[in-house]
Structures are given as C-alpha cells and as structure tokens.
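# Descriptive analysis of the structure
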Amino acid sequence: MSVFERMTSGLAKSREKFKESMNVLLGRGPELDEGFWDDLEETLILSDIGGAASMDIVESLREKSTRLALPDAYAVLDLLSDEIQGTFASGGDEVLGGDEAIVLFVGINGTGKTTTVGKIANEAAKAGRKVILGSADTFRAAAIEQLEIWAQRADVPVVTRERGSDPASVCFETIERAEEVGADLVLIDTAGRLHTSDDLMRELEKVVAVTKKRANVPVYTVLVIDATTGQNGLQQAREFDRALHLDALIVTKLDGSAKGGISLAISHELGLPIIKIGVGESIDDLRDFDPSQFVRALIGDFEEADLVEDAPEDAALESAPEGEAAPAAPCAEGQPHSDAGADGGSTELQPRSEGVDVLRKAASIQEGADASLADEAPKMSWAEFVEMDDARKAAEPAKKHFWEKW
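## Some points on the sheet that holds strand β3 (residues 158-159)
Neighbouring strands of a sheet are bound in pairs by backbone hydrogen bonds; such pairs are parallel or else antiparallel. Spatially, β3-β2-β4-β1-β5-β6-β7-β8 is the arrangement adopted by the eight strands of the open sheet, whose pairing is mixed. Two strands close off the open sheet at either side, each with one partner strand: β3 and β8 (286-288). As paired elements, strand β1 (residues 101-106) and strand β5 (residues 219-226) share five bridges and run parallel to each other. Residue pairing in the sheet places I102 in a bridge with V219 of β5. Here helix α7 (residues 113-126) sits on the sheet and contacts β1, β2 (131-136), β4 (185-190), β5, β6 (248-252), β7 (274-278) and β8; the angle it forms with β4, its principal contact strand, is near 170 degrees. Against the sheet, helix α11 (residues 231-244) engages β1 and β5, with an angle of about 165 degrees to β5.

## Brief notes about helix α2 (residues 12-27)
With 16 residues, α2 ought to run about 22 Å at 1.5 Å a step, and its terminal C-alpha atoms sit 22 Å apart, in line with that. Among the residues making up α2, those that are buried are S14, R15, F18, K19, S21, M22, L25 and L26. One or two residues past the end of α2 sits G29, with phi positive at roughly 120 degrees.

## Observations concerning the environment of G128
Relative to the helices and strands, G128 is located in the loop between α7 and β2. C-alpha separation for the pair G128 and G98, spaced 30 residues apart in sequence, amounts to 9.9 Å.

## Concerning the packing of α2 against helix α13 (residues 291-299)
Across the interface, α2 lies against α13 with an axial gap of 6 Å and an inter-helix angle of 65 degrees. Where α2 abuts α13, its residues S14, R15, F18 and K19 lie against R296, A297, L298 and I299. Of the residues assigned to the contact of α2 with α13, the class counts are four nonpolar, one polar and three charged.

Calculation notes
Residues numbered from 1 in each chain as written. Predicted model: local features only at pLDDT ≥ 70, side-chain atom pairs only at ≥ 80, totals over all residues. Heavy atoms only, no water. Pairing = 2+ DSSP bridges. Helix = DSSP H or I, 4+ residues; strand = E, 2+ residues; numbered from the N terminus. Contact = heavy atoms within 4.5 Å. Axes fitted to C-alpha atoms, helices over the stretch in contact; angles between N-to-C directions. Expected span 1.5 Å × (residues − 1). Buried < 20%, exposed > 50% of the residue type's maximum accessible area, 1.4 Å probe, protein only. Nonpolar A, V, L, I, M, F, W, Y, C, P; charged D, E, K, R; others polar.

Geometry only, nothing functional implied.
Okay, structure coming up:
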C-alpha cells in the first residue's frame, strides 16, 4: 500500500465527515449569500482545520469570488482544494536538508518521538549522511533501550547515560561525540513533557538552551505531534512554541486518524512547516509531507466531469408534416433515407427510427385522418407499460449530482 493510500485510509473518517457537511451545505442551493459563507466556515472548523485557518480560507475565497465574478457555490468549491494547500506554512527544508545540523525532538508522551528519531536516522544513513543519536529521554522506562534498538536497525551510533541522568548533560556529551567522529547530523530524543506542567517545560527549556550554547552548527527544535489528538494538539503546539520557539512539525499516526485536519490548524496558526508525516510503524513509513496529497486524502478528489450531466442516449425525434413524404436527404450520419430499387427508381421511404413511426401513427389516430391505423397501433396494458418503464430506468446509468462527489 502506497503512502497516499495509507493516508487516504487513515483520513477516511475525516473525509466522510467533510462530505456529509458539504452535502448539507450544497443542499441549501448554489447561491453565494452570507449563509453559504457562514456554513462553509463551519464545515471547515468541524473538519478540525481550526478557527483561524478556516476564517482565512473563507475570506480568501470570498475575495476571489468577487474579483473573478464567480457565478455560484460550485465555482467557489473548485478553488477550495488549492486554497487549503496554500494555507500550510512553507519552508523547513533546512532542518533535514543535508547541511550540518542538530535536531531536538520534543512533544508530549506517546506521540512517537523515539520511533521518529529512529526512522529519520535510517533514512539519513541510507542517503549517505553520518548520523549520531542522543538519548536525552532519561526518565521513561526502556526509552534508552528502545533508541538503542532503532540505532542498530539504522546502523548508527547512539550516546546514552544511565536512567535518571540530567538530559542536558546527555545533549552536551552527544555534541562532543559528534564532533569527534565528524557526524553531520545529530538527532536527540527528549523525554515526553506535558505542556500543562510548568516545571517539566522549564526543564526542557534548559535542555534546548544548553544544546544551543554548546553547538557550533544550527540547532532546530521539532515538535512531534500525534494526529489523533485533534484540537488538543493545537494547544500543545502553542505551549511548546511559546517555551521553545519551534522550527518545524512532524505529524505521526496519520494512517489511523479521524482528526487529521488539525495538522493544517497548527501549521497555519504557528507558521510551522510540516517536514515529515508518519503513516505506519515500519522503519520506512516516515515520508516527506506533500500538501496536495494531504488535501486529496482529507477532502477527496474533484473532477470537472462531475459537473456535466450525462447526455440523453436518444436524439430528438423528428416528424414530417402529415400527408407529406420525408425528404430524400442524408441523415445525420450521412446515409440516405431510402435505397434505390432495381429499376433505378426509389422504393418507399423508411422512417429513421421506430419513435418517428409511433409519433406519426399517434398523430393520424388523434386527427382521424386514417382510422385503419388505430387497429395497427400496439396494444399495451398498464401493467405491461409499468414493467417496460422500470426496465428502461434500470438500464440507464445512474446520474450523480455535483455535491455527491464531496
């Protein structure tokens, strides 16, 4: 299963919730009135995109609808996907882009920091970079052993100290070891901190400050956040950014989240670029973030063809005036209406379709021009007509309304 397929599967609940809201929104009609804009903003907020991001998206779409003279709600929704993509903060390439760097991974308990560090180490080592890991999570049980296992999988060295040691001292020692071996990428795992605990946050501030003071290369602080936390994740990000001045964001567990829209809310409100996303537990399941793929997985695809109703299968029937023969002119396909007889004359003209014949007979019966045609008219009971009409409807392809795509 590809990364996009996993992300699409994981965001299925978010996508279905969005589609249901869009069905309700479009069910009120295509008019671009105040009610439409209010309902659109509410739909985006209910998709966990966040109040600030939703407001900015709606205001931008409102401005474009006026400037481009968009005719209705459907034309506005054509621009929605691109507008959401443009709301994500850009940048972040320098964090893991290839230059020498020290990256500190922070976040609350259980977001997947240690696993993320191991996956990035594996990816960077395969790319030819010289990587070293630091286990500054000296509080959680088995955290050091877990990082050592990931280091073995990625075939990179790791600096550890006994459990209960000062995490800032681990960072200091890791930087010294990196300078000794000539490592160009230092990845440091920190202990999970509750953003509501002032003491723990101050301790984390000390870790970051010591690292930046000792380092001779750029130091980046990256928040690892669990996509399943929803709006609580936004508050976490606010507190970590206030204390540590974050540089980037990594979103994990997108393969099983019904609240993936929170990624956009955090990125937009705090101006943090998303540099990686986690879509599984395998060592290769941490991938670069693609805004277009994320939006497709969150709200679904949209194709212009869905706006076009299926054309009717039968062309409009034509009938000649009563008492006149149909002209011997080519039909729409360029074929003559009659065949020449053996003696060079023309045989009796045949109608182009059975429908024309039926209309002619019906007209003759109604006007009484030829009473004998009444006997030739097909006899059909009401039950037979209903059966024939049901069979015709069953054979026709189902037509979809525009909003059923969402």
